[in-house]
Each structure stands twice: as C-alpha cells, then as structure tokens.
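Given next are the chains, with one letter for each unit.
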There are 2 protein chains.
Amino acid sequence: MITLKDVARALGVAPSKVWLALADHPHVHERTKARVRAAAAEMGYVGHLPARVMRGGRSALIGLTIPDVRNDFYSTAAQAISEACARDGYQVVLCLTGDAPDRERDQLRGLVAARCAGVIVVGTGRMHRETVALLDQVPHVQLIRRARGLHAPWFGIDDAASTRLAVEHLVALGHRDLGYVGGDLELSTGAERFRGFREAMAAAGLASTARWCEHGSGDEASGRVATHRVLGGARRPTALVLAGSRLTAGALAAIRELEIGVPRELSVVGFNDAGALGWWGSGVTSVGLPVGDIALACASGLLAALRASSPGAPAGETQAGAQVAATFAPYLVERGSTAAPESRKRARAA
Amino acid sequence: MITLKDVARALGVAPSKVWLALADHPHVHERTKARVRAAAAEMGYVGHLPARVMRGGRSALIGLTIPDVRNDFYSTAAQAISEACARDGYQVVLCLTGDAPDRERDQLRGLVAARCAGVIVVGTGRMHRETVALLDQVPHVQLIRRARGLHAPWFGIDDAASTRLAVEHLVALGHRDLGYVGGDLELSTGAERFRGFREAMAAAGLASTARWCEHGSGDEASGRVATHRVLGGARRPTALVLAGSRLTAGALAAIRELEIGVPRELSVVGFNDAGALGWWGSGVTSVGLPVGDIALACASGLLAALRASSPGAPAGETQAGAQVAATFAPYLVERGSTAAPESRKRARAA
DNA sequence: GAGATATCTGCTAACGTTTGCAGTCGGAGC
DNA sequence: GCTCCGACTGCAAACGTTAGCAGATATCTC
C-alpha cells in the first residue's frame, strides 16, 4: 500500500512537503503542488485514515444502531441518514441490535473502539448501564425512541397522536369495538402509542377492552401471533389498530390466515405508510410518518453538533440552525381497508 | 479518553504489562491479570482500534456497496451480511451508490482510506477505472451483479432462470402475448434476465414484441413509467413479467393507476418474493430468491478469505470450506395475480 | 555588495498500541 | 554460598500522518 513517504521518495522530496502540497498549503509552490498531486494520483496514493485518527482526531464514521434493517421504517431512515452523512464526508456503520441489549452493547463497544465521530441511536428497551457509559464518550442523538437514562437530543414522532388518529378515524366511521396490536411497553414508542390509543378511546367515551389489546416485541412474528390472539376469540372487535411497521405485516398475514374479510368484517389501520400498503388491491388505510424527514433532521442535528465541536468552528458559540430536537406529526392515509361496521350499515339501511 | 497508558499509570505498572494482561498472555501472573482487568473495566478503558490498525493490520470494517437500502433485496442482504460479520467481530459500513459510478468511487475511496478489511460489492453498470484500481487494494467479493473488469468471486442467482420460470408459468396458463419490464441492460442482471425472457419465449415458439419490452434504471419510478408505456398502447399484452424488486413496486402502482383488473385483464409475475407481495388480498405471483442464503454465502466467502489471509492461518494452504462462488436457483411462488387469459377461458367455455 | 525580509523546505516529535529483546528477581541445584 | 535457570517485567521501536519550528534560499532594499 502506497504511503505518503513512498510518494515523497519517488519525487525525491520530504514527506512533509508532500503532505503540505496535498493539503493545498499556501507555503508550497503551485508548480510543486501540481507535480505532487500528479505523482500521488499516478501511484494510487490513498491517505491512511487510522493514522490521521491517531493524531487526536476522530474517524469519519457515524454509527447507526437500529433493531432491523428489513423494517421499512429503518431502511428508509438508514437511506436518508447515509446520504446526509455522505454529503459531509462521513460513512455510516450499520449496527443491528435485534433489540437485544447485549448486542447493542457489543456494537457500541466496537464503535467507541473505532473512535467513530458520532452515533445515531435507536435504543433497546432495557439498555445496559455500560451502554450508557459508552455513549457518554461519543456525541450522539436519539432516533424515534427515547431511552431511559439518556439525555441526548431526540428526533421522532408524536407517538400518541399516531394511534389517536387511527382511533378517531375508526370512531368516526361508527366503530365502537376496537382492538390494538402494539409494541413493547418498555419502549417509549410502545408506551406512548398505547397511551394515545387509550386516551382517544376514553375521549370517545369508549372502554379499551384488555382482551383485545396485545403488546408484542414489535417484529412480524409477534404481530402475527398477537393478531391471532385478538381475533381468535368468540367475540371480536370490528376494527383493529396496528402500532408498528413490522407488526402491520404480521397482522395482515394473520388476517389472511383467519380468512377475515377486510373491510367487510374487520376494518384495519396499518402503521408507517410504506409503499407496499398502497401497491396492491384497494390498499391499506394507515398512519403515515415522514420517515425521511425525521431521519434527515436527526442526521443534520448530529452533523451540526460535530461541526460545532470541530476545531475549525467558533468555540463557545452555539451553531445557528443546529436543531437539537424535533417532533414530527403523523398523518392518516385513507385507503380501502377501513369502512363503517356492518351493524352501522344495517342500522342505516333500516 | 482512557488509554492503556492511563490504566498502567493508575496501577503503577508498565503499559506493556497491562497490554499482556488484557491479551491474556501466559507470562503474566493470574493475580496481576485480574487486577488489571478490574482496573480497565473500572476506568472504562476501550482499546484504540485505529492505533492497532496502524501497526500494520486492517480495521474491523467490511464495506457493503449497494444501490439503495430501501430495496427489499438489499435490505434483506444487508441484514444477513451484517449479522454474519458481527459474528466474526466485523462491523459493516453501509455505502449507498444510487447506481452512480461517481458515488461508488467516492465511497470506495473512503473504504480504502479507512483500511477496511474487505468489501462486498454490488457494482454499478459503468464502473470507473479508478474504482477497479481501488478494489484491487482490498479483498472483495461480488454480490448479485458481475461487474466488467472485476474477477473477484461472485455470489448471485441464475438470472436467466428467474425470467424463464415466469415465462414458462404464464405460457402454461395459455398466455401468448407477454410484456417485460426489466432493469438496465448494462448490468449483468438486467442483460441475463432479459436473455432468459427471450430464450424462454423462443423456446415456446413465441416472439418477444419489442414494444412490450422496457428496460429502466431499476428503481420504482422507472418501473412505473415503463409499465405505463408497455400497457398504455391500444393493444396490450395479457401478461407482464417483472424483473426487478423495486420495478415490481412501481409496476403494481402503474397497474392501479391504469385501473387494469388483475388477473382478469392482466396476469402479473412479480420479482423477489418480499413479504409485501404475500400480505394483502390474493397476493402477487412472483419469482422468489433465497436472498438471505445468497448474502450469507457472500459474507462467508469474504470472511473465509480474510481468515485465510490473516497471519494466524496456515499460509499457502487453501482454507477448507471456503466457498469462492455460488449460483442460487430462483423459484416460483404462485399466488392470485396470474390466471388463464380471458380468450382461453372463453375458448374453454365454448 | 551586505543585510533584511519573504518565501519556501526539511527535520523531528507525537498520537496509542503492540512486540521483540534485554533486564531483574526468585528459587533450585551443586 | 554460588551459579544457573525459569518466570516474569520494563524499555524502546515502529506503524503513517501531521504540525511546529528551525533552517535555507531567493528577492529586495539600502
């Protein structure tokens, strides 16, 4: 591998001269710079980042810890974050936690060991204490979930509003018996979305039936199982609120397995309006999230913080335009999976 | 940030002793080891990987260059690759190229500068010469696409077979007028899939109508536009073969926009049987790919090569079980989007 | 022509880890 | 008691880059 020294030797000059030339230092003659640049390109010289990092700096890596990239929400976020980081010369290290605190800790150890510049974190429910200590050593921001014990800037959605929108839509259609399939209550997202559901139900003068409310781990399989439980009983709700991206996939699979007609027998509101929900057939009514915007704001927040703490920036003064936190609003996309309940239709017909 | 020296100073011993203790070297007293380990954990010492890399090694990073993570195929692959790499202590750097050779080159420069251990590459169609030169400096393997000028191990599918399966299925149902929407013919995948389509058509004694064959860039938008072109004419095919994951999404959107009844007016075979195609309604018949298996084989191939070239391995001898290349077979998943054409049904009824 | 200044150049040290080698200490054998 | 051996410990160098500082050359002024 070609080093700076090799280039210097080939040109018969000192390494420091080569360095100054490549860094476009004013104390180097233009003629020399051109010669050095040509030689470097010719020899295929590529700077040794680790060596640069060793001289006190931080690497050009930004860690992104997410539970699962196959989840539409996270893959969309990863795309936006990666593009934003690339614009600033950073590369993204993809860290999958599978929502396991152990894996989260291991990944974070790796990131700190690599002296990454910053971390964007989607924390697990029961984060290890060591994980928090590791995060303290690196600039970081939180995406979607607010982790207990972490005080870093947070970028996410108004989670309670997302389920409230779904309930209000269904209540307006005439539904009174609503089921709910959501994620882990240990997570801020799971807890908030369920709070939104319960509060919206109460506001409509309805009781949330415990037997029709399930809280899974958030993945597709748990959504499937939970939906089977909610809909498998003798009496079942006329509408179902889903409060998770992968949960929605699992729930729809379960509904197909149970051969329940949608929206005739059951209205369904999905979560995170990914393309798939609109593609096919009459589409799934769902709560949409501006995922790209959230992720972009999150990345921009971290990048602004990094710029502010870099030596070139005006120290002590807060960077203008650096967003330290943001809450985005979810919205409802009406499609073919919701309709007035049969009872209501019959009443109308009479 | 705590260094090895700091730990040594706190304990009143030499840095090298701390190092040997943490590396579990036999020449250090067990009592000392325990004391050092306790102190290191207490002080929150995390090794400085860049410094380690500087001593001649390579970093614990593996680059993954893909066009787009939002694509089901690539997000599933990224998940499998990331998990496999994590098992070996590597972390994955996510590099998005957007199929632009410039971005690909920039990303690769970053990877080489970071002295990453290896790269898994999904090459763009017209790779820069510099990109090839950069890849020459790093162990790498190719995923899905075979890039011109690259001779590294390749892991992918029998692309021609994927479209052949689709054509054979449709021909067996009685279709004779088939449309095709595929990806860039510059890419090995685009070219091979179209070859498979044409050859299967020829084998069935059918001509592939040029006006019904479109080749887009492979993203959702191009699939939508291409489908509009294929189906927008006065006379249209009775069945459509889709040869790309995102193209399928775009095509289904276009079909909805055109209000064409599936499978009554048009049979559709999708590509890459992602969950979404099975979730909803009667489902989309599609060509399935063992994406996880391909990605896993690819990662394993690279990891085996890295193990073989690491100093600890028996030099000169080929590692047993190291897969240097693999072709996986696609399969057809029959669902509700394909049926016999109306003409055939009428003929039968008569 | 000599000195002063401006422009450019080269030497050297430092970052933190890792490894080889030399040194020290204690115990055991003669 | 002396020597030899083994077990353990500490010193120093190297990786490639970068920055500060001193030195060298050329140009300009008096």
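For the structure itself, look to the data block above.
These lines cover the structure that appears in this document, whether it is placed above or below. (Residues numbered from 1 in each chain as written. Chains lettered and ligands numbered in written order. Predicted model: local features only at pLDDT ≥ 70, side-chain atom pairs only at ≥ 80, totals over all residues. Heavy atoms only, no water.)

A word on the overall build of chain A
If you tally the helices and strands in chain A, you get 14 helices and 12 strands. The C-alpha atoms of chain A give 26 Å as radius of gyration, which overshoots the globular expectation for 350 residues (20 Å, by more than 25%). Here the C-alpha coordinates of chain A stretch approximately 95 × 40 × 35 Å along the principal axes. Total accessible area on chain A stands at roughly 15100 Å², and carbon and sulfur atoms take up 52% of it. The positive charge centre, built from 40 side chains, and the negative charge centre, built from 33, are 3 Å apart in chain A. (Helix = DSSP H or I, 4+ residues; strand = E, 2+ residues; numbered from the N terminus. Rg over C-alpha atoms; globule rule 2.2 N^0.38 Å. Areas by Shrake-Rupley, 256 points an atom, 1.4 Å probe, with all protein chains shown as cover. Lys, Arg positive; Asp, Glu negative; His and termini not counted. Charge placed at Lys NZ, Arg CZ, Asp CG, Glu CD.)

A look at the sheet that holds strand β6 (residues 178–182) of chain B
Residue and element names in this part refer to chain B. With mixed pairing, 6 strands are arranged side by side in an open sheet as β7-β6-β8-β9-β10-β12. Taken across any chain shown, the strands that pair with only one partner, and hence form the sheet edges, are β7 (213–215) and β12 (331–333). Here the average twist between neighbouring strands, direction ignored, is 20°. Here strand β10 (residues 286–288) pairs with β12 via 3 bridges, running antiparallel. (Pairing = 2+ DSSP bridges. Axes fitted to C-alpha atoms, helices over the stretch in contact; angles between N-to-C directions.)

Description of the protein's contact with DNA strand C
Contacts to DNA strand C come from 18 residues, most closely from R55(A), L4(B), W19(B), Y45(B) and R52(B). What you see for DNA strand C is that sugar and phosphate hold 66% of its atoms within 4 Å of the protein. A distance of 2.8 Å separates a phosphate oxygen of DNA strand C from a polar atom in the side chain of Y45(B). Listed by contribution, the elements that provide at least two residues to the surface near DNA strand C are α2 (15–22) of chain A together with α2 (15–22) and α4 (49–54) of chain B. Counted by class, the surface near DNA strand C contains 8 nonpolar, 6 polar and 4 charged residues. (Near = heavy atom within 4 Å. Polar contact = N/O pair within 3.5 Å; in protein donor to acceptor, adjacent residues only side chain to side chain. Nonpolar A, V, L, I, M, F, W, Y, C, P; charged D, E, K, R; others polar.)

Regarding the pattern of salt bridges
Residue and element names in this part refer to chain A. Under the definition given, this model contains 43 salt bridges over all chains. A salt bridge links E199 to R195, with the nearest nitrogen and oxygen atoms 3.0 Å apart. In this pair, E199 and R195 are both assigned in helix α9 (residues 188–203), 4 residues apart and thus about one turn of the helix distant. Using a relative accessible area of 44% as the deciding quantity, one classes E199 as partly exposed. According to the relative accessible area criterion, R195 is partly exposed, its value standing at 30%. (Salt bridge = Lys/Arg side-chain N within 4 Å of Asp/Glu carboxyl O. Buried < 20%, exposed > 50% of the residue type's maximum accessible area, 1.4 Å probe, protein only.)

Looking at the nonpolar core
Within the largest apolar cluster, 105 residues are counted, with the highest numbers of intra-cluster contacts made by I120(A) and I120(B). When sequence neighbours within four positions are dropped, the list of residues in contact with I120(B) reads I62(B), G63(B), L64(B), T65(B), I81(B), V141(B), L143(B), C298(B), A299(B) and L302(B). (Core = buried A, V, L, I, M, F, W, Y, C linked by side-chain atoms within 4.5 Å. Contact = heavy atoms within 4.5 Å.)

Concerning the pairing of strand β1 (residues 61–66) of chain B
Residue and element names in this part refer to chain B. With 6 of 6 residues buried, β1 lies mostly within the body of the structure. Neither face of β1 is exposed, since L61, G63 and T65 on one face and I62, L64 and I66 on the opposite face are all buried. The pairing of β1 with strand β2 (residues 91–96) spans 6 bridges and is parallel. Bridge pairing in β2 places L64 opposite L94. Between β1 and its parallel partner β2, the chain crosses via helix α5 (residues 72–87), and the hand of that crossover is right-handed. (Right-handed = clockwise from strand over helix to strand, strands pointing away.)

Some remarks on the interface of chain B and chain A
The partner chain A presents 57 residues to the 58 residues of chain B that form the contact. Across the contact surface, chain B and chain A share 2 salt bridges. One salt bridge connects R103(B) with E83(A), and the closest N-O pair in it is separated by 3.9 Å. At the surface where chain B touches chain A, the tally comes to 12 residue pairs in polar contact (both at pLDDT 80 or more). Breaking the side of chain B that touches chain A down by element, the ones donating at least two residues are α4, α5, β2, α6 (101–113), α11 (245–257) and α12 (276–279) of chain B. Taken together, the residues of the side of chain B that touches chain A sort by class into 32 nonpolar, 16 polar and 10 charged. When strand β2 (residues 91–96) of chain A meets β2(B), the two strands line up antiparallel, connected through 3 bridges. Residue V93(A) lies in a different strand from β2(B), and its bridge partner there is V93(B).

Quick word on the sheet that holds strand β4 (residues 140–143) of chain A
Strand order in the open sheet formed by 12 strands is β11(A)-β5(A)-β4(A)-β3(A)-β1(A)-β2(A)-β2(B)-β1(B)-β3(B)-β4(B)-β5(B)-β11(B), and the pairing between neighbours is mixed. Pairing within the sheet leaves two strands with one partner each, and these edge strands are β11 (326–328) of chain A together with β11 (326–328) of chain B. Pairs of neighbouring strands in the sheet enclose a mean axial angle of 20°, with direction left out of account. Here strand β3 (residues 118–121) of chain B runs beside strand β4 (residues 140–143) of chain B; their pairing, made up of 3 bridges, is parallel. Bridge pairing in β4(B) links I120(B) to V141(B). Sitting on the sheet, helix α13 (residues 291–309) of chain A touches β1 (61–66), β3 (118–121), β4, β5 (154–157) and β11 of chain A, and the angle it makes with β4(A) is about 170°.

Some points on the packing of aromatic side chains
Residues and elements named next belong to chain B. Scanning the entire structure with this criterion turns up 8 aromatic pairs over all chains. Centre to centre, the rings of F73 and Y74 are 5.2 Å apart; their planes meet at 85°, and the pair counts as edge-to-face. Each member of the pair, F73 as well as Y74, is classed as buried. Plain terms: the ring middles of F194 and F197 are 6.2 Å apart, the flat faces sit at 15° to each other, and that makes the pair stacked. Of this pair, F194 and F197 are both found in helix α9 (residues 188–203), 3 residues apart, which corresponds to roughly one turn of the helix. Taken as a pair, F194 and F197 share a single burial class, namely buried. (Phe/Tyr/Trp six-rings, centres within 6.5 Å; stacked < 30°, edge-to-face > 60°.)

Points about unusual backbone geometry
Residue and element names in this part refer to chain A. Residue V262 is joined to P263 through a cis peptide bond whose omega torsion reads 5°. Structurally, P263 can be placed in the loop between α11 (245–257) and β9 (267–271). The backbone of I144 shows a phi angle near 65°, a positive value even though the residue is not glycine. Mapped onto the fold, I144 is located in the loop between β4 and β5.

Some thoughts on the protein's contact with DNA strand D
Of all residues adjacent to DNA strand D, which total 18 residues, the nearest are L4(A), W19(A), Y45(A), R52(A) and R55(A). Within 4 Å of the protein, the contacting atoms of DNA strand D are drawn from sugar and phosphate to the extent of 67%. In the environment of DNA strand D, a phosphate oxygen lies 2.8 Å from a nitrogen or oxygen atom belonging to the side chain of Y45(A). Measuring from a phosphate oxygen of DNA strand D, one finds a backbone N or O atom of H48(A) at 3.4 Å. Within the residue set of the surface near DNA strand D, elements represented by two or more residues are α2 and α4 (49–54) of chain A together with α2 of chain B. Looking at the surface near DNA strand D residue by residue, the class counts come to 7 nonpolar, 7 polar and 4 charged.

Re the pairing of β9(A)
Side-chain positions along a regular strand alternate between the two faces of the sheet. All names here are of chain A. In terms of burial, β9 is largely enclosed, as 5 of its 5 residues are buried. Of the two faces of β9, the one holding S267, V269 and F271 and the one holding V268 and G270 are both buried throughout. Two strands pair when backbone bridges link them, and strand β8 (residues 239–242) and β9 are joined in this way by 3 bridges, in the parallel orientation. Its bridge partner lying in β9, V241 is registered against V269. Taken together, β8, α11 and β9 constitute a β-α-β crossover, and its handedness is right-handed. As paired elements, β9 and strand β10 (residues 286–288) share 2 bridges and run parallel to each other. If you follow G270 over to β10, its bridge partner there is S286.

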